[in-house]
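# Understanding the architecture of this molecule
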Amino acid sequence: MKDKAGTILAAVVLIFAVCCPVEAAGSVMGAMTIWAFSFVPALLPVFVVTPAITCPEAMRLYRAALSKFCQKAFGIPGEASAAAAVGLMAGSPAGTGALAGIKCKKCEICRAVIMASGLSPAFISTIGSMAGGIGGSLAVAQIIAILSTGWLLRYAWSDEDEEVEVPSRTTGFLSGAGMAAVNIAGVLCYMTLFSVVAAIISKFAPGLGQTLLPFLEAASGLAAIASSDLPYSAKVMLLAFAGGLGGLCVMAQNLAKISFMPPARLFLGKLMHATITALCLPPILALPGGGFAPVGNSPWICAAAVIIIFVASECRRKFNFFRLTRDVSAIIID
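All values derive from a computational prediction rather than experimental measurement.

Reading the values: rules and limits
- Residues numbered from 1 in each chain as written.
- Predicted model: local features only at pLDDT ≥ 70, side-chain atom pairs only at ≥ 80, totals over all residues.
- Heavy atoms only, no water.
- Phe/Tyr/Trp six-rings, centres within 6.5 Å; stacked < 30°, edge-to-face > 60°.
- Helix = DSSP H or I, 4+ residues; strand = E, 2+ residues; numbered from the N terminus.
- pLDDT = per-residue confidence, 0-100.
- Contact = heavy atoms within 4.5 Å.
- Axes fitted to C-alpha atoms, helices over the stretch in contact; angles between N-to-C directions.
- Parallel < 35°, antiparallel > 145°, perpendicular 65-115°, else oblique.
- Left-handed = near helix turned anticlockwise from the far one by under 90°.
- Nonpolar A, V, L, I, M, F, W, Y, C, P; charged D, E, K, R; others polar.
- Buried < 20%, exposed > 50% of the residue type's maximum accessible area, 1.4 Å probe, protein only.
- Lys, Arg positive; Asp, Glu negative; His and termini not counted.
- Salt bridge = Lys/Arg side-chain N within 4 Å of Asp/Glu carboxyl O.

What follows deals with the packing of aromatic side chains. In the structure shown here, the tally under the stated rule is two aromatic pairs. On the numbers, 5.7 Å between centres and 90° between planes, the contact of Phe69 with Phe74 is edge-to-face. Aromatic pair Phe215 and Phe241: ring centres 6.5 Å apart, planes at 65°, arrangement edge-to-face. Taken together, the residues span a long stretch of sequence, with Phe215 in helix H10 (residues 206-216) and Phe241 in helix H12 (residues 232-245) at a distance of 26 residues.

What follows covers unusual backbone geometry. For Trp157, which is not a glycine, the phi torsion comes out positive at approximately 60°. Along the chain, Trp157 turns up in the loop between helix H8 (135-152) and strand S2 (163-165).

We now examine the confidence of the model for the protein chain. With 81% of its residues at a pLDDT of 70 or more, the protein chain shows a mean pLDDT of 76. With pLDDT under 50 throughout, residues 292-303 is counted as low confidence; its partners more than four residues away or in other chains account for 18 contacts. Low pLDDT (under 50) marks residues 309-334, which in the prediction has 27 contacts with non-local residues, meaning those over four places away or in another chain.

All right, on to the packing of H8 against helix H14 (residues 263-286) then. How two helices pack is summed up by the angle between their axes together with the distance between the axes. Following both chains from N to C, one finds H8 and H14 inclined at 135°, their axes separated by 8 Å at the closest point. One way to sum up the angle between H8 and H14 is to call them oblique. Considering the relative orientation of H8 and H14, their crossing is right-handed. For the pair formed by H8 and H14, the contact residues are Ser137, Leu138, Val140, Ala141, Gln142, Ile144, Ala145, Ile146, Ser148, Thr149 and Leu152 on the first element and Gly269, Met272, His273, Ile276, Thr277, Cys280, Leu281, Ile284 and Leu285 on the second. Looking at the contact of H8 with H14 residue by residue, the class counts come to 13 nonpolar, seven polar and no charged.

The subject of this paragraph is the side chain of Glu217. Among the structural elements, Glu217 can be located in the loop between H10 and helix H11 (218-226). Salt bridges are absent for the buried Glu217, whose nearest opposite-charge side chain, Lys270, sits at 13 Å. Here Glu217 is in contact with Met191, Phe194, Ser195 and Cys249, once residues within four sequence places are set aside.

So this is what it looks like as structure tokens:
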């Protein structure tokens, strides 16, 4: 079904590019501009170092140090903690790509993908700064939404005991830097594809095309919302909801990397991201200086949220710090 839909979409885009070259070229140019100035600086360094932080030795360390916390707080294996962290710092699809080679239950992979499927905080902060200086607040709201969704879904689909393995990255003549270039080029391909789809809709229904753009290709759509003349409150809420949802472009990239994940599950997770982000942003903006909260504060808020979630998940059971340090030390010595 996915292959048929992709073939039909590609045929429609090709026909449009031939029949309406000016509109198609304009949409592609816009997507390429945002990709070059926003996504490449944010994602390329992460793609380069991902093989190092997801190597077998690193996975053993994550398993020993973080399995207990990740299982209790988010229902994911310790090995997936790197993917969740990459997703929080650099966004998708870098976070989902960090799951390559992990073998665990299907339900755990699905939860990890949802946690790693957010947009880059750097990009979110840039977009928010264009809409009245709310960049840092918007990034913080998204991080809270991702962590909260992970906690709420920690028991989701637990009846699935099937063991699955995420396909490993291509090896051989492609080095880490080479694979990073391939991955970042893949992001561009998806962005241009969905930008052209939005242009097709705009050609025949201009109002509908502009309305759907943030939900098709989030990068171009969020930039359009930020620079629009909408009322401030409407602009803020649209940025929060559409940024949390991420758009079909981001969802398609995640599903391409994790082919066995049901699309409905990812859509549910992204819908929860969008809703919680929209609910969290107004209170954050109401804080003193909230509208200009620097994105540098995000790691501290993220750390505080993680600690709160962990304490709530532990309930009456104490955290055995000495056993954890012993296990980590054994892994390092080995």
